[in-house]
Structure formats: structure tokens, C-alpha cells
Amino acid sequence: MKKLSAASKAYLVFVFVILYAPILYLIFYSFNSGGTMNSFESFTWEHYAAVFEDSRLIVILLNTVIVALLSGLIATIIGTLGAIGIVSLKDKKMRNTLLSLNNILIVSPDVVIGASFLILFTMIGVKLGFASVLVSHVAFSVPIVVLMVLPKLLEMNTSLIDAARDLGATKRDVLLRVILPYISPGIFAGFFMALTYSLDDFAVTFFVTGNGFSTLSVEIYSMARAGISLTVNAISGLVFAVTLLIVIGYYFINKRSKSATTEGQR
Amino acid sequence: MRDLLQATIAIIIVCALLFVAVNQMESSGSSGSKDSLTIYNWGEYIDPELIGKFEEETGIKVTYETFDSNEAMMTKIEQGGSAYDVAVPSEYTIESMKEKDLLIPIDHALVPNLQYIHEDFLDLAFDKGNEYSIPYFWGTVGIVYNPNLIADHLTFESWEDLWDPSLKEKVFLVDSSREVIGMGLNSIRQSLNVKDDVLLREATDKLISLTPNIKAVIGDEITPLMVNNEAAVALTWSGQAADMLWENEELDFATPYEGSNIFFDNMIIPKTSKNVEGAHKFINFMLDPENAAQNADYVGYSSPNFAAWELMDEEVIGDERFYPSNEQRDTLEVYENLGLEWLGKYNEYFLEFKMSLK
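Residues numbered from 1 in each chain as written. Chains lettered and ligands numbered in written order. Predicted model: local features only at pLDDT ≥ 70, side-chain atom pairs only at ≥ 80, totals over all residues. Heavy atoms only, no water.

Help me out: how do you make sense of the packing of aromatic side chains in this one?
Each aromatic ring pair is characterised by the separation of its centres together with the angle its planes make. What the rule picks out here adds up to 34 aromatic pairs over all chains. Considering the side-chain rings of Phe206 of chain A and Phe207 of chain A, the 5.5 Å spacing of their centres and the 75° angle between planes classify their relative orientation as edge-to-face. Assessed through its relative accessible area of 18%, Phe207 of chain A is described here as buried. A centroid spacing of 6.4 Å and a plane angle of 70° characterise the contact between Phe263 of chain B and Tyr301 of chain B, whose relative ring orientation is edge-to-face. With a gap of 38 residues between them, Phe263 of chain B in strand β9 (residues 260-268) and Tyr301 of chain B in the loop between α10 (289-299) and α11 (306-309) connect regions that are remote in the sequence. Per residue, the accessibility class of Phe263 of chain B equals that of Tyr301 of chain B, and both read buried. Cation over ring: Lys152 of chain A sits above Tyr182 of chain A, and NZ or CZ is 5.8 Å from the ring centre. When the ring centre of Trp163 of chain B is taken as reference, the NZ or CZ atom of Lys206 of chain B above it lies at 4.7 Å. (Phe/Tyr/Trp six-rings, centres within 6.5 Å; stacked < 30°, edge-to-face > 60°. Buried < 20%, exposed > 50% of the residue type's maximum accessible area, 1.4 Å probe, protein only. Helix = DSSP H or I, 4+ residues; strand = E, 2+ residues; numbered from the N terminus. Lys NZ or Arg CZ within 6 Å of the ring centre and 35° of its normal.)

Shown next, in the form of C-alpha cells:
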């Protein structure tokens, strides 16, 4: 690999500092016994203990994770099939229309989506709670997954499919053994995007929570009115640590399976 | 393909496990009873221990939800979809909720602890006879200041101190038309609820003469600014000021003698309630002097419960900044519902004032 020049290195460091400094600052103060973010007094675990003592907060945290994982999964399935469907359309006009409709959903503001869902749910009599949050999270994640999977599908060489057909593969075989494995990096990327979107969405979720079901973003927002307490820092620290672990875990699994495949080829 | 399938199964298993964990945690607390209650309150506005105590005493399982503004809360209740049994809006919201027929009358026979509420907080204009609402916390509008950052002679016992030339570009105001126009009206010794163009004009002109001293008109961001010694003077609510004082002992709070606003947050039972009896039990529970005292200790707002005052720290109750004396309380005024037309005019004058800032 070509060596980076000093200027680009400095720029890279600068970007990463801007990205990570606020998070590290927040986590640093979650260990502060002083009770505020003004000055660091001494090290303590008490804010983390407070998070674990507050069973309501833990339930909300777990709910947030459940909604994120499930909505991510469902949206990935729908979005992947949708992307395949869009690409396989012969009619160019139709294809472009569908893609534009998909993009409109991505750029439309969350408040609009949230308010529309609230009106829809109350109109058809759906009780606000887990189901309503899950459905709306799936809804705003699907267009993102479509967008992440699409490039992979487009870069795929169609002769791969033709070759598979020539060798006697059925439609099902083509989908399961050729297309899906080829686009799986896109699918994973789509899933992780959906996951993060769901984890940090406030605007849509705010409208559709109810009946005791709440997610972390909504809860932290109403806590913030009384000034952010260090419990919020602690819980953010926990979420960040778990995310970090997942990313590291994903990296190692990827690496292992890659080296396994290259060894198998030898 | 295999890794896709593996990942899917892994996600489903993790979700199932988390689901079981959540169910376990939610059902622990309740002693197997089907009786439940949903409380809708401001963020950080109750001592969590009290919820546990209430569940233990009555066997009713409490679901606790929070909101961050009167308007958001009212929208949720109006839309239905969620069965809230008790909510805690401010007085002007109670008036509009009454108008929209969103409330269930409170059966006073079921809340005997109402006797502990000081008479000053009962039978107020926004809800005569406390037909629909029961006091929860109250507070005033006043000035929080940092004595280290301003001249010594300023004590803010009078609104006039805000106009002091030494405060050039040091004053923060909350971005709320009733509070700011109200301050203008108070400073010319008028009622907060005047419906008179001449007086409103005069108050606005008085406010415009304050512009050299104003640094910004902002919202809740005032709290960290004051706490971190980055701002000197701010117009704000006593409850918010109590939070600031708790975190930064150098700060001080004053409610000027010319008069100011007094606000009340009250417990109500929305039309969506599915457990009206339980809601009454909860309201009565919160009015119990011991519980009220514990809650006031935790939250930091002023309690309307005189029996609780006796159980609380002398230093807190004796603090006239947050528990004003009777004479001072006489100068304080409750916001009345102005009606759409006059509310619009207040907003217009407030806008005019804000536009004069540059």
C-alpha cells in the first residue's frame, strides 16, 4: 500500500478526533463521582450501578435492542426481495418510478412519517406499543436496505445467472445459490444500517410509542428536560461498548470465514 | 447463503432470549395481579421508589411513561391508542383539556388525603372546586443569577434590576411568550392576564428597552449554561432554578416583589383511563404526607402539601426562594386562559420584541 502523506495523515486524525471525542468525553464522565459534567472528581461505578438498579431503564434498553434486531431482520428480508424485484423488472419506466418512490421515503422527514403512522394506527385501531413501533421501524428501514442491496445487484454480471441456467439451475437455485451469496455483503450492510437507524430513531418512535412501551431515544429525551444526569452517560457508554463488541465480533467472524474459504480453494 | 441463514437464526434466538428476559423483569415487581395502572408524567418527576412502594401497598402494577411537554402529552391522550390512567399537566393545559372534554371528574370521596393540601393551592381559577385536577407540584417564574459574574448591588428583588446598565449582554430569557410578556407586564405593575392593547404595548416597549442587556432568548439550554458559569442572569422557572442551584451552589434565585407567575402541575384522570379506581388510589397515595415529602425531596420542586412540609428538611421549607412567604405569594398570579384571540396578540407582541433584538 502506498504511504500516506503527512497532510493526509493529519487530516485523517482530525476527522477521527471529531467523530470520537464527544463519545469518549461522555463515557469519561460516566465514571465521575462528582455528579455533573463540570469537573472530574474521582472514579466510581455508581452510575452504572444506578442503571442496573433501575429495572425500568433496563427493560427499555432491552426493548430497544429487540425492536432494532427484529425490525432490521424483517426490513432486510423485505428490502432484499424488493431490490431483486426492482432489478428484474424489464420495464425501464416502471423500474425508475419504483426507485424514485423508494428514494422519496428516504428523504422524507421523520416527523412526517411518524405523524402519519400515528394517524394510521389510531384510525385502524391498532394499540400503540411494541407492534406499532416494530411496524414503523420496519417501514422506514426497508428503503435503506433496498438502497444498500441495489448496487451489489447492479454490479453483478448477468452472465453468472445465464451460466447457472445453462447448467440446469432452477429459478429457486439461481436465487439461493447465485444471487443471494453474491449480494450477501450488501445484505449485511443493509441489515446493519437498518439496525442503527432503528436504534437511534427518535422522531418516528416518539409518535408511535405507548402503553408502557418505550425506547431508549424517547426515554433519554424526556429525561433530558431535567438536565442530563450521568445515568444517561452510563447507559450511552454501555450501548457504545456493546456496539463495539458486535463490530469486533463481526470482523473476526468475517476474517475466519474468509481465511477458511481461501484455504479450501488451495 | 449459509452465513445469511446462520445470522438470521442467531438474531431470532437473541431476540427470543431478550424477550424472555424482559417478560421476567416486568412480571417480577407485580405479585401476579391483573390490576394495572399507566402513569404519564414529566421526565424525572417522581421518586422511582414511590412507584415500588405503591405497587407493594396496593398490588396494582404500575406502567410508568414520561413526556417532555404539555402539548406532546395532550396529543397522545387526544389520539387515544394508549390507556393512560393518570397524567400530570400544567394548569393552562388542564383548561384546554377540559374544553376538549378529555378529563374524568375526580371523586373527592376517594382522595381523603386532599385535606393535606394547603388551601392556597385548591379551588383555583383554572379548575374551580378541583373538579378535575389535584395539585402535584408548583413553582414560580423568577430570575436565577450568578453573583460572581455581576455587580454586587443586584439582588433581583425588583424586575428593574434587569435593566441595570452593568448587565449589558448578560441576560438570558426563556423562549416563551407568556413568561416574557408577563415579565414586561409585571415590571410595569400590571396583571399577567391583561387583555388591553395599551398596556400590552407599554409592556412590550419596556421589554424593547431591555434589548441591550439581552444575550439570547433560548430554551432548556439555559440550565447547562448557568451551571457551568457561562451565563450570568436568566429568567426561568423555580423548579429549573432549583436544579441549577443543586448542581452549582454559587447560583441564587429570586422572585421579584412586583409580582410574577405561579404555576401548578396537577394530577388528572384522562378519558382514556381503564382503571379509574386505581387512578384515584394513586392520586391519594401521592398526597400522603410522607410520600409527598419523599417525592419533593427527590424531585426538587415545591410541594403543595402542608403536612409534608413538616416532615421535610427545615432548610428546604424555610427557603423563601422556593417556598415564598404568604405575603409574597399574594403577589403571584396564575395564568388564565386568554382565549385564542388574546393569546395570538401576546405571541405577536413577543415576536415584535424578539425581532427588535438585532
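Alright, that's what it looks like, and here's the rest.
What exactly am I supposed to notice about the interface of chain B and chain A here?
As a measure of interface size, the accessible area lost when the parts come together is often cited. Taken residue by residue, the interface counts 39 residues in chain B and 39 residues in chain A. Summing both partners gives a buried area of about 3,500 Å² for chain B against chain A, and 66% of it is carried by carbon and sulfur. Taken together, the links from chain B to chain A amount to zero salt bridges. For the pair chain B and chain A, the interface holds one residue pair in polar contact (both at pLDDT 80 or more). Breaking the side of chain B that touches chain A down by element, the ones donating at least two residues are α1 (2-27), β2 (61-67), α3 (70-79) and α8 (238-247) of chain B. The dominant element in the side of chain B that touches chain A, judged by the number of residues it contributes, is α1 of chain B, at 14 residues. Of the residues belonging to the side of chain B that touches chain A, the class tally is 21 nonpolar, nine polar and nine charged. (Contact = heavy atoms within 4.5 Å. Buried area = accessible area lost by both parts, 1.4 Å probe. Salt bridge = Lys/Arg side-chain N within 4 Å of Asp/Glu carboxyl O. Polar contact = N/O pair within 3.5 Å; in protein donor to acceptor, adjacent residues only side chain to side chain. Nonpolar A, V, L, I, M, F, W, Y, C, P; charged D, E, K, R; others polar.)

What exactly am I supposed to notice about the pattern of salt bridges here?
All names here are of chain B. Using the criterion set out here, one finds 13 salt bridges over all chains in the structure. Between Asp175 and Lys354 there is a salt bridge, with its nearest N and O atoms 2.8 Å apart. On the criterion of sequence distance, the pair formed by Asp175 in the loop between β5 (171-174) and α5 (177-187) and Lys354 in helix α14 (residues 339-355) is long-range, its members being 179 residues apart. A relative accessible area of 28% means that Lys354 is categorised as partly exposed. Across the salt bridge formed by Asp252 and Arg321, the nearest N and O atoms sit 2.6 Å from each other.

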